[in-house]
Amino acid sequence: MTWVVEQKRSWAEWAAMRVLQVGPIPTHLAVIMDGNRRYARQKQRDTLSGHTQGFHKLAEVLSWCRDLGIRHVTAYAFSIENFKRSKSEVDGLLNLAKEKFALILEEQDKLAEHGVCISFLGKLSLLPESIQKMAAQAMLATRHNNQFFLNLAVAYTGSEEITSAVQELAVGVAEDRLKSSDVNEEALEACLYGSGNRDPDLLVRTSGEHRLSDFLLWQSAYSCLFFTKVLWPDFSIWHLFGAVFFYQRQYHTLAAARREALAQRCRTIEERDLEQCRSQHGDKVTHEHLAAQVAARTARLQSFLDHRKKQQLAYLYKLSSLTVMEQENKVEE
Ligand code: FPP
Ligand code: MG
């Protein structure tokens, strides 16, 4: 089993791809890979073999996405809620994760050849240390690849992600790096685990469940949601084509809604800036006051985010267990 599946497409698959490529192709696909256990039960196999099949399907889906032109994929691999499953299933899933994260390191040359950058979204500290270390090593080993971006949501929930972003901003305010009035949608978004990723255009959930299960709550506000009955290990390239076709039919409506929401966000931020300025200068607010206020807020946020990025990189080096001296050299880079 590999992360980089190389399959020959049938002529029918190529033809369908070409037709779809006439329309808009999602840049970012998010997947809730549901139905592994039901698949295992149907085949009278054990639960873990369902999850192993699920991993293999993920690797296959990545190769279809590469061929189709989808360059960002976020997969829900292990929710914080999943820790509540039986000990044997949790242990099995964590061992599978360990094996596959180790495979990322073994396959780093192949991943670099395909430009695959792998990131982890989630509260890594909830995972066993050996897995945290591998995840950090995998992120560091692939972080300069820039053709295809895979985000694995592990020990993740959207509510925890938003809470942790709010906590980071609160610390920023407490340490005087930010003012409380700097906390807005833009600042919160920049503190989410997958900040820097564009929001998913299309979110697919398999197995017939019609809910988000705390996945990408913030980011999926304007995503096209596609639910299909097929169990994840049975998901085929034709199901992906169906999902992309569904996305294409909704594309204009969703794009307009997203544009409107973005414009509304800008207006809200402008209004808050104006209010803030009025509280300082009363009715004598000028364009210069406002421009200075926006510039100062933007500079504070940028410096806070630069600091955060350095801290995160230092944390990754610490997890990956390099020596202190090596860590310092890397953080300086
Ligand atoms: C949901 O199906 C699936 C999971 C909780 C695990 C998903 C993990 C994988 C597909 C393996 C990926 C592995 C790595 C290392 C990235 P379910 O267990 O809820 O099945 P059910 O809905 O039939 O009960
Ligand atoms: Mg399930």
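Residues numbered from 1 in each chain as written. Chains lettered and ligands numbered in written order. Predicted model: local features only at pLDDT ≥ 70, side-chain atom pairs only at ≥ 80, totals over all residues. Heavy atoms only, no water.

Student: Explain empty space enclosed by the protein to me, and be specific about the residues and the numbers.
Tutor: Applying the stated criterion across every chain, the model contains one cavity of 30 Å³ or more. Quantified by volume, the largest cavity comes out at close to 50 Å³. For the largest cavity, the full set of lining residues is W3, L62, R66, L111, V116, I118, F148 and L150. For the lining of the largest cavity, the secondary-structure elements that each account for two or more residues are α3 (47-68), β3 (116-121) and β4 (148-156). (1 Å grid on protein atoms, 1.4 Å probe; cavity = no way out; pocket = protein on both sides within 12 Å on 5 of 7 lines; lining within 4 Å. Points joined across faces, edges and corners; volume = space filled by probe spheres on them. Helix = DSSP H or I, 4+ residues; strand = E, 2+ residues; numbered from the N terminus.)

Student: Residue-level account of unusual backbone geometry, with values.
Tutor: The phi torsion at D176 lies on the positive side, around 70 degrees, for a residue other than glycine. Tracing the backbone shows D176 in the loop between α7 (158-174) and α8 (185-190). Judged by relative accessible area, which is 68%, D176 ranks as exposed. Positioned with a positive phi, S207 is a non-glycine residue whose angle comes to about 80 degrees. If you trace the backbone, S207 turns up in the loop between β5 (202-205) and β6 (224-227). In this structure S207 comes out as buried when scored by relative accessible area, which is 6%. (Buried < 20%, exposed > 50% of the residue type's maximum accessible area, 1.4 Å probe, protein only.)

Student: Could you give an account of the sheet that holds β5, with specific residues and numbers?
Tutor: Overall, parallel pairing links the six strands, which are arranged β3-β4-β2-β1-β5-β6 in an open sheet. Only two strands of the sheet have a single neighbouring strand rather than two, namely β3 and β6. Strand after strand, the sheet turns through a mean of 20 degrees between neighbouring axes, direction not considered. For strand β2 (residues 72-79) and β4, the ladder comprises seven bridges, and the chain directions are parallel. If you follow F78 over to β4, its bridge partner there is V154. (Pairing = 2+ DSSP bridges. Axes fitted to C-alpha atoms, helices over the stretch in contact; angles between N-to-C directions.)

Student: Any chance you could break down the site of ligand 1 for me, citing the residues and the numbers?
Tutor: As a matter of local geometry, ligand 1 sits amid 14 residues, with D34, R37, R38, H51 and R85 nearest to it. Taking N36, its main chain carries an N or O atom lying 3.2 Å from an oxygen atom of ligand 1. Contact with the protein chains hides 93% of the accessible area of ligand 1, taken as 620 Å² for the molecule alone. Counting atoms within 2 Å of the grid points, the majority share of ligand 1 lands in the second largest pocket. At the level of elements, α2 (36-42), α3 and α4 (87-106) are the ones that each hand at least two residues to the shell around ligand 1. When the residues that make up the shell around ligand 1 are grouped by side-chain class, the tally is four nonpolar, five polar and five charged. (Near = heavy atom within 4 Å. Polar contact = N/O pair within 3.5 Å; in protein donor to acceptor, adjacent residues only side chain to side chain. Areas by Shrake-Rupley, 256 points an atom, 1.4 Å probe, with all protein chains shown as cover. Sits in = over half its atoms within 2 Å of the grid points. Nonpolar A, V, L, I, M, F, W, Y, C, P; charged D, E, K, R; others polar.)

Student: Quick one: what's the story with the pattern of salt bridges, residue by residue and with numbers?
Tutor: If you walk through the whole model with that rule in mind, you get 20 salt bridges. Among the salt bridges present, the one from D34 reaches R38, with a minimum N-O distance of 3.6 Å. For D34, a relative accessible area of 17% translates into the label buried. Close ionic contact of E60 with K57 constitutes a salt bridge, the shortest N to O distance being 3.0 Å. Pair noted here: E60 and K57 are both in helix α3, with a separation of three residues, about one helical turn. When sorted by exposure, E60 lands in the same class as K57, which is buried. Through salt bridges with shared partners, one network takes in D34, R38, R205, E209 and R211. (Salt bridge = Lys/Arg side-chain N within 4 Å of Asp/Glu carboxyl O.)

Take it as geometry only, folks, not as evidence of what the structure does.
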